[in-house]
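Results of the structural survey
In case you want the letters, here they are:
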2 protein chains.
Amino acid sequence: MERASYDTDCCSFGRTLALIGDRWSMLILREEFFGVRRFDDLQRNLGIARNILTGRLHNLVDCGILERRLYQDRPRRFEYRLSQKGIDLYPALVALMEWGDRYVADEPGPPLVLRHKRCGQRTRPTLTCSACGEDIDARDMEPEPGPGAVSLTA
Amino acid sequence: MERASYDTDCCSFGRTLALIGDRWSMLILREEFFGVRRFDDLQRNLGIARNILTGRLHNLVDCGILERRLYQDRPRRFEYRLSQKGIDLYPALVALMEWGDRYVADEPGPPLVLRHKRCGQRTRPTLTCSACGEDIDARDMEPEPGPGAVSLTA
């Protein structure tokens, strides 16, 4: 692509990383997709310092990826649930897991496999073209300036 | 899923994050997918400190995601190219970009769109089930212990 035709600062990828591009936030999201929603459970599973977990949860709530809900009144206890915005991060997390299964899993194979409840089959989620349905290969993709592109040469 | 049925330390997602789960490494990979391969170009595009860039590049080479190749002899200059292992990170990066286009792009729309060269159409790459071809929704997925699962209850 014409590298000068977009501005890094408005790059959707860069902005996404600014929100969730640290290891703890990503690991919290992994736990959330496993149904782990309470502070103490997150803290124990991740072995994360409480103040760091607090900070990351606040950040994820602030940007609308998690929602804080009261689940117990006395004492007051909150849980953190994925919003739709958070649920929509699933493809990215699964794609990272798939890569890890391929390249960094130990010999016996992946520690976790996925079943697609709608068809009942074990699945390896695959990135496909929304137009033709074929699998996506990086070499087959051509980036082009989109409607939000900012010309740096203007 | 049965949360006790796998060990976090052997989680493919966690291991992947340990390799590339920092913002600079991910941004370097984005540049690589745009064809930016030389130290000075990466440094300028990312506005990253030279010592940090050096460290991240060494790490990405060490774990086999980038390959260092001599492209000029006097003075000796190297470029950093994606290996197959690196190219296979594309689905994860595109999934993060897609999410950003949806949730954090400014009003005019995404700064960048993708064309699938094989079919010639603009595409929004989509995660689909390898068994039935339907789009993946997080709610339709059931994680199960895989061959590399470690029982924590044994």
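Our subject is the structure that appears above.
Residues numbered from 1 in each chain as written. Chains lettered and ligands numbered in written order. Predicted model: local features only at pLDDT ≥ 70, side-chain atom pairs only at ≥ 80, totals over all residues. Heavy atoms only, no water.

Quick word on the packing of helix H2 (residues 23–33) of chain A against helix H1 (residues 12–20) of chain B
One can describe the packing of H2 of chain A onto H1 of chain B by two numbers: an axis separation of 10 Å at closest approach and a directional angle of 170°. Viewed along their axes, H2 of chain A and H1 of chain B adopt a mutual orientation that is roughly antiparallel. Here Arg23, Met26, Leu27 and Arg30 of chain A of H2 of chain A come into contact with H1 of chain B, specifically with Phe13, Gly14, Leu17 and Ala18 of chain B. In terms of residue class, the contact of H2 of chain A with H1 of chain B is built from 5 nonpolar, 1 polar and 2 charged. (Axes fitted to C-alpha atoms, helices over the stretch in contact; angles between N-to-C directions. Helix = DSSP H or I, 4+ residues; strand = E, 2+ residues; numbered from the N terminus. Parallel < 35°, antiparallel > 145°, perpendicular 65-115°, else oblique. Contact = heavy atoms within 4.5 Å. Nonpolar A, V, L, I, M, F, W, Y, C, P; charged D, E, K, R; others polar.)

Let's talk about the packing of aromatic side chains
All names here are of chain B. As enumerated under the stated definition, the model contains 4 aromatic pairs over all chains in all. Ring geometry for Trp99 and Tyr103: centres 5.3 Å apart, planes at 45°, overall tilted. Residue Trp99 and its partner Tyr103 are both found in helix H6 (residues 90–103); the two are separated by 4 residues, about one turn of the helix. When its relative accessible area of 25% is taken as the criterion, Tyr103 is described as partly exposed. The positively charged end of Arg38 is found above the aromatic ring belonging to Tyr71, 3.6 Å away from the centroid. Of note, Arg68 hangs over the ring of Phe78, and the distance from its end group to the ring centre comes to 3.6 Å. (Phe/Tyr/Trp six-rings, centres within 6.5 Å; stacked < 30°, edge-to-face > 60°. Buried < 20%, exposed > 50% of the residue type's maximum accessible area, 1.4 Å probe, protein only. Lys NZ or Arg CZ within 6 Å of the ring centre and 35° of its normal.)

Notes on the interface of chain B and chain A
A common way to state how big an interface is: give the accessible area lost once the parts meet. On the chain A side, the residues contacting the 87 residues of chain B number 87 residues. Overall, the association of chain B and chain A removes approximately 8,400 Å² of surface from exposure, summing both partners, and the carbon and sulfur fraction of that is 64%. Two residues, Lys117 of chain A and Glu142 of chain B, come together in a salt bridge whose shortest N-O distance is 3.9 Å. Between the two partners, chain B and chain A, sit 42 residue pairs in polar contact (both at pLDDT 80 or more). Among the secondary structure elements, those contributing two or more residues to the side of chain B that touches chain A are H1, helix H2 (23–33), helix H5 (84–87), H6, strand S3 (112–116), strand S4 (122–123), strand S5 (126–128) and strand S6 (141–145) of chain B. In terms of residue count, the dominant contributor to the side of chain B that touches chain A is H6 of chain B (13 residues). Here strand S5 (residues 126–128) of chain A runs beside S5 of chain B; their pairing, made up of 3 bridges, is antiparallel. Within the sheet, the bridge partner assigned to Thr126 of chain A lies in S5 of chain B and is Thr128 of chain B. (Buried area = accessible area lost by both parts, 1.4 Å probe. Salt bridge = Lys/Arg side-chain N within 4 Å of Asp/Glu carboxyl O. Polar contact = N/O pair within 3.5 Å; in protein donor to acceptor, adjacent residues only side chain to side chain. Pairing = 2+ DSSP bridges.)

Re the pattern of salt bridges
Residues and elements named next belong to chain A. Counted by the stated rule, this structure contains 31 salt bridges over all chains. Here Glu98 and Arg124 are joined by a salt bridge, their closest N and O atoms 3.2 Å apart. Linking Glu98 in helix H6 (residues 90–103) with Arg124 in the loop between strand S4 (121–123) and S5, this pair joins segments that are 26 residues apart in sequence. A relative accessible area of 14% means that Glu98 is categorised as buried. Shared partners join several salt bridges into a network, and the residues in it are Arg38, Glu79 and Arg81.

So, the nonpolar core
Grouped together as the largest cluster of nonpolar side chains are 82 residues, with contacts concentrated most on Phe13 of chain A together with Phe13 and Ile20 of chain B. What Phe13 of chain B contacts, discounting residues up to four positions off in sequence, is Met26, Leu27, Arg30, Leu93, Leu96 and Met97 of chain A. (Core = buried A, V, L, I, M, F, W, Y, C linked by side-chain atoms within 4.5 Å.)

Thoughts on helix H4 (residues 50–62) of chain B
Residues and elements named next belong to chain B. Taking 1.5 Å of rise per residue, 13 residues should cover 18 Å, and H4 covers 18 Å from first to last C-alpha, within 8% of that figure. Here H4 has its buried residues at Leu53, Leu57 and Leu60. Considered in projection along H4, the buried side chains sweep an arc of 65° and stay on one side of the axis. Exposed residues pointing more than 90 degrees away from the buried face of H4 are listed as Asn51 and Asp62. The positive-phi residue at the C-terminal boundary of H4 is Gly64, with phi of around 80°. (Expected span 1.5 Å × (residues − 1). Arc of directions from axis to C-beta.)

Side note on the relation of the copies chain B and chain A
Each of the two chain copies can be generated from the other by rotation about an axis followed by a shift along it. Aligned on chain A, chain B shows an RMSD of 0.1 Å; the corresponding rotation is 180° and the shift along the axis is 0.0 Å. Here the transformation between the copies is reduced to the relation of a two-fold axis. Rotation axis and chain B: the residue whose C-alpha lies nearest the axis is Leu127 of chain B, separated from it by 2.1 Å. In this assembly the copies share their binding face: 100% of the residues contributing to the interface of chain B also contribute to that of chain A. (Least-squares fit on C-alpha atoms with pLDDT ≥ 70 in both.)

Quick word on the state of the cysteines
Residue and element names in this part refer to chain A. Scanning the model with the defined rule gives 0 disulfides over all chains in all. Cysteine Cys63 is unpaired, with the sulfur of Cys11 as its nearest cysteine sulfur at 17 Å. Its relative accessible area of 13% is what places Cys63 among the buried residues. There is no disulfide at Cys132, and the cysteine sulfur nearest it, in Cys129, is 3.8 Å away. For Cys132, a relative accessible area of 33% puts it in the partly exposed group. (Disulfide = S-S within 2.5 Å.)

What to know about the packing of H2 of chain B against H4 of chain B
All names here are of chain B. Interaxial distance between H2 and H4 falls to 10 Å at its minimum, and their mutual angle equals 75°. By the criterion of interaxial angle, the relationship of H2 to H4 is roughly perpendicular. For the pair H2 and H4, the contacting residues are Trp24, Ser25 and Ile28 in the first and Ile52, Leu53, Arg56, Leu57 and Leu60 in the second.

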